[in-house]
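Fold and contact review
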Amino acid sequence: MKNLFVIILLPILMGCISNSSLRKNFPFHILNGNSAKVWILSKSNDVNEYAVPKMRNYRRTFTFFVNKSFREQELIHLGSDNGRIGRYKIIGNGLDDFVLELNYKDGERSYFKIIRIKNNFLKLQNYHKKEIEWQFKTLNPPLK
């Protein structure tokens, strides 16, 4: 009787799992650090943009906050009100692909496919100019 119950219950439970319930969730805690997280642009293959200057203090940073806002500024201005601000959102396609949408306060919008995200590494690809990729690293702790 017990075996019959398991045999009947197993297909019913397995039928509840579908592709739509197995979607990958985006790791927001990695992007915004559950509060605010600073990402420093460390590499860009966009030759038309002054994105990664040789002087480290002037590198572009993005700070993503848990309330879905962000600030883009140079590293030297970190902690100030300088820079561009806006809101961000993550758009998923239902599979494993995610797009970062940056909605700047001035109305400009930028879209980046998230190629890879780890605790201290982020790789983005410009959604409209696929040849352009940006790589970010987080701030390093002062002591190891």
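Topic: the overall build of the protein
Summing up its helical and strand segments, the protein has two helices and eight strands in all. Listed N to C, the secondary structure of the protein is α-α-β-β-β-β-β-β-β-β in terms of helices and strands. Residues counted as buried form 34% of the 144 residues belonging to the protein. Looking at the protein alone, contacts between residues at least 24 apart form 36% of all its contacts between residues at least 6 apart. By element, 55% of the accessible surface of the protein is carried by carbon and sulfur atoms, the whole surface being about 10,200 Å².

As for a nonpolar patch on the surface
Side chains of Met-55, Tyr-58 and Ile-76 sit close together on the surface and give an oily, nonpolar patch of about 290 Å² of accessible area. Within the secondary structure, Met-55 sits in the loop between strand S1 (36-44) and strand S2 (60-65). For Met-55, a relative accessible area of 55% gives the class exposed.

Quick look at the packing of aromatic side chains
Tallied over the entire structure, the rule returns 11 aromatic pairs. Taken together, a centroid distance of 6.2 Å and an interplanar angle of 40° make the contact between Phe-62 and Trp-134 tilted. Separated by 72 residues along the polypeptide, Phe-62 in strand S2 and Trp-134 in strand S8 (residues 133-138) bring together distant segments of the chain. Residue class for Trp-134 comes out buried when judged on its relative accessible area of 8%. Three or more aromatic residues joined by ring pairs form one cluster here, namely Phe-62, Phe-64, Phe-70, Tyr-88, Tyr-104, Phe-112, Trp-134 and Phe-136. Across from the ring centre of Tyr-104, 3.8 Å away, lies the NZ or CZ of Arg-84, which sits over that ring. Its end group placed over the ring of Tyr-127, Lys-130 keeps NZ or CZ at 4.6 Å from the ring centre.

Let's talk about the environment of Asn-67
Here Asn-67 shows up in the loop between S2 and strand S3 (69-74). For Asn-67, a relative accessible area of 46% puts it in the partly exposed group. Within the structure, the side chain of Asn-67 is placed 2.6 Å from the side chain of Ser-69, a separation counted as a polar contact.

Analysis parameters
Residues numbered from 1 in each chain as written. Predicted model: local features only at pLDDT ≥ 70, side-chain atom pairs only at ≥ 80, totals over all residues. Heavy atoms only, no water. Helix = DSSP H or I, 4+ residues; strand = E, 2+ residues; numbered from the N terminus. Buried < 20%, exposed > 50% of the residue type's maximum accessible area, 1.4 Å probe, protein only. Contact = heavy atoms within 4.5 Å. Areas by Shrake-Rupley, 256 points an atom, 1.4 Å probe, with all protein chains shown as cover. Patch = residues over 30% accessible without salt bridge, like charges linked within 9 Å, V, L, I, M, F, W, Y side chains within 5 Å. Salt bridge = Lys/Arg side-chain N within 4 Å of Asp/Glu carboxyl O. Phe/Tyr/Trp six-rings, centres within 6.5 Å; stacked < 30°, edge-to-face > 60°. Lys NZ or Arg CZ within 6 Å of the ring centre and 35° of its normal. Polar contact = N/O pair within 3.5 Å; in protein donor to acceptor, adjacent residues only side chain to side chain.

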